[in-house]
Amino acid sequence: MTQIRVYDTPRRQKVDFEPLEPGKVRMYSCGPTVWDYAHIGNFRAFLFPDVLKRYLQYAGFEVEHVMNLTDVDDRIVNQVNERGTDIDTYVQTYIDGFFDDLDRLGIQRADRYPRATEHVGEMVELIERLVEQGAAYERGGSVYFAIQSFASYGQFAHLDLTGMQDGVRIDSDKYDKEHVRDFVLWKAWTEADGNVSWPSPFGRGRPGWHLECSCMSMKYLGNTFDIHTGGVDLIFPHHQNEIAQSEASTHQPFVRYWMHNEFVNIDGTGMSKSEGNNVRLQDIGDDETIQSYRYLVVTSHYRTILNFTDEALNAARSARRRLNRFAERLAAAADDPGAVAASDGTGGWSQRVQTAERDFRIALDDDLNTPRAMAAVFGLVGEAEKSLSAEDLVPVDARAILSFFEAADGVLGFLAERDAANLETSVELTPEQRQRLDQRQAAREQKDWARSDELRDQLAAEGIVVTDGPDGQQWSMG
Ligand code: AMP
Ligand code: ZN
């Protein structure tokens, strides 16, 4: 076992990872703003914590994961008022869409998805604490965080704040480094807010965006927790502001490790509505394409910009198909008693599996290096494919490889569910039938269509229906 190291944004280097409580990791991820459907870039920010969590579980940790749903912001308020509806009705479509897309991408659910609008009372309490501590002040019914009161403000994002004017305020949630200001915690109601507002000791209004993540993360994970994730665009001001709000109110360190994923670009340009390339997951294709997108994202290192192109997606698709085909052949070989006599399982496979497992683990321990982990998987796949084709892989070895393969899939998620179902039901086939399926696969690879048809007919006669799809051959009990 090697030491897990992660790249911590404020320290700008990889550091040893130790959770606050041994054996348990508490993690918070900034979730979607449900004013519209999430685009494929957003899903990188949800796939990254999915893989991080699966890996930490693989490494033996219990993980508690919370992701917020931002269901009140300027855009939502505008839409709600324009359509004459209410927040709950408006955002439900996008919340449903978000969960559907998570499922399509095979993203495991977080333990909680708290909604901002369900925590307004707690946010008001947090603001009151900040006011009491002298970290926030009221102006015209709005409340602002006084950044001068927080000595380390700016350090997280490595900003130079010398010469900055005291008490200059900004009301919008999103702004850039050029506009470092006292930021808003509570926005006084204006006409543009229509009927969206909550009561507070400062008057009617609504909470600022940065506040919700401080409030909900600490509520569910404690004042200090282990990992906070989000896209790189959130480093400033969002995460800087979360730190200021949280630490100024608790006087305790807020987050131990900050991990940020890089962006997805499309054909070299950033994704935005104005560029017209704000692509939704379901726009990129069928389920297999969506799974290929997952594969593309999770096998790219999370700290490198990912350029989404047709070529990249197609390469991911074929790599994934190969892995799925391999898993089927392996499962058949693992259950094939006919092959036992060929060898006693001393072909060096147990050593090779151990080496692959070690390389896989070392790669992920090193700041979640998924491309290197995948290379370790492919190293073994390449060797085992040769052995499968030569029909000299004995069941005990096939099972050892399969068990590593399934553990790797548990972290990265590259096996299709359909194939997983096939793997499970493969026990219902007789060894002869499995052998015939394998032989048919081999015949197809050699373009021996006559032999392939002959085997399919034999299987059909026994009630096994074989079809050839984009993932290779599939079978079902007819
Ligand atoms: P939003 O719904 O705008 O609050 O964004 C949700 C998450 O998606 C945040 O963590 C963003 O940092 C992240 N994000 C936004 N655009 C991209 C992109 N093009 N690539 C990767 N992550 C993104
Ligand atoms: Zn957030």
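### Some points on the packing of helix α9 (residues 349-365) against helix α11 (residues 395-412)
Okay, step 1: The interhelical angle for the contact between α9 and α11, taken along N-to-C directions, is 10°, at an axis separation of 9 Å. Comparing their axes, α11 and α9 come out roughly parallel. For the pair α9 and α11, contact is made by W349, V353, A356, E357, F360 and L364 and by D397, A400, I401, F404, A408, V411 and L412, respectively.
Okay, step 2: Taken together, the residues of the contact of α9 with α11 sort by class into 11 nonpolar, no polar and 2 charged.

### A look at the coordination of the zinc ion (ligand 2)
Okay, step 1: Summarising the metal site, the zinc ion (ligand 2) is bound by the protein donors C30 (SG), C213 (SG) and H238 (NE2), whose distances to it range over 2.1 to 2.2 Å.
Okay, step 2: Taken in chain order, the donor set of the zinc ion (ligand 2) reads C-x182-C-x24-H. You can see C30 sitting in the loop between β3 (24-29) and α1 (40-58) and its partner H238 sitting in helix α6 (residues 235-250), a full 208 residues away along the chain.

### Quick look at the domain arrangement of the chain
Okay, step 1: Domain boundaries assigned for the chain yield domain 1 (5-261), domain 2 (270-426) and domain 3 (431-477).
Okay, step 2: Domain 1 and domain 3 are separated by 53 Å when their C-alpha centres are compared.

### What about the layout of surface pockets?
In this approach a probe as big as a water molecule rolls over the atoms, and the regions it shows empty are the leftover space.
Okay, step 1: What the largest pocket holds in volume is close to 720 Å³.
Okay, step 2: Taken together, 33 residues form the lining of the largest pocket, with H39, N42, R75, K174 and D233 sitting closest to its centre.
Okay, step 3: Elements with a contribution of two residues or more to the lining of the largest pocket: α1 and β10 (225-231).
Okay, step 4: The element best represented in the lining of the largest pocket is α1, accounting for 5 residues.
Okay, step 5: Here the residues of the lining of the largest pocket sort into 13 nonpolar, 12 polar and 8 charged.
Okay, step 6: Looking at the lining of the largest pocket, you find at least three residues from each of domain 1 (5-261) and domain 2 (270-426).

Conventions we followed
- Residues numbered from 1 in each chain as written.
- Chains lettered and ligands numbered in written order.
- Predicted model: local features only at pLDDT ≥ 70, side-chain atom pairs only at ≥ 80, totals over all residues.
- Heavy atoms only, no water.
- Axes fitted to C-alpha atoms, helices over the stretch in contact; angles between N-to-C directions.
- Helix = DSSP H or I, 4+ residues; strand = E, 2+ residues; numbered from the N terminus.
- Parallel < 35°, antiparallel > 145°, perpendicular 65-115°, else oblique.
- Contact = heavy atoms within 4.5 Å.
- Nonpolar A, V, L, I, M, F, W, Y, C, P; charged D, E, K, R; others polar.
- Donors = N, O, S within 2.8 Å, 3.2 Å for Na, K, Ca; no water.
- Domains from an automatic or database assignment.
- 1 Å grid on protein atoms, 1.4 Å probe; cavity = no way out; pocket = protein on both sides within 12 Å on 5 of 7 lines; lining within 4 Å.
- Points joined across faces, edges and corners; volume = space filled by probe spheres on them.

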